[in-house]
Amino acid sequence: MKGLKGTLSDKSNELDNMQKVAYQQSSDLAALRKQLEGLTDENKQLMEQTETSVSHSISAENELE
């Protein structure tokens, strides 16, 4: 009986640890999703700025000619 109680206690501790890890991973995943969203927005802005800069450069080259 004591052996079964010990095994049950071990499994209970193992489950608690697994739940803590799962919660932390879930929290990490949410943070990474938020970071990805921010980086995607930043990338979009940089692409737009690049397109504008290229357009201005082409216009300036055309004016020089």
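Relevant structure appears above.
Summarised in this report is the structure supplied together with it. Keep in mind it's a predicted model, so treat the numbers as computed, not measured.

### Quick word on the overall build of the protein
Helices and strands together make up the secondary structure of the protein, namely one helix and zero strands. Overall size of the protein, expressed as C-alpha extent along the three principal axes, is 95 × 10 × 5 Å. Out of the 65 residues belonging to the protein, those deemed buried represent 0%. Within the structure as shown, the protein displays about 6300 Å² of accessible surface, and the carbon and sulfur contribution to it stands at 56%. For the protein, the distance from the average position of its 7 positive side-chain charges to the average position of its 12 negative side-chain charges is 28 Å.

Definitions and limits used
- Residues numbered from 1 in each chain as written.
- Predicted model: local features only at pLDDT ≥ 70, side-chain atom pairs only at ≥ 80, totals over all residues.
- Heavy atoms only, no water.
- Helix = DSSP H or I, 4+ residues; strand = E, 2+ residues; numbered from the N terminus.
- Buried < 20%, exposed > 50% of the residue type's maximum accessible area, 1.4 Å probe, protein only.
- Areas by Shrake-Rupley, 256 points an atom, 1.4 Å probe, with all protein chains shown as cover.
- Lys, Arg positive; Asp, Glu negative; His and termini not counted.
- Charge placed at Lys NZ, Arg CZ, Asp CG, Glu CD.

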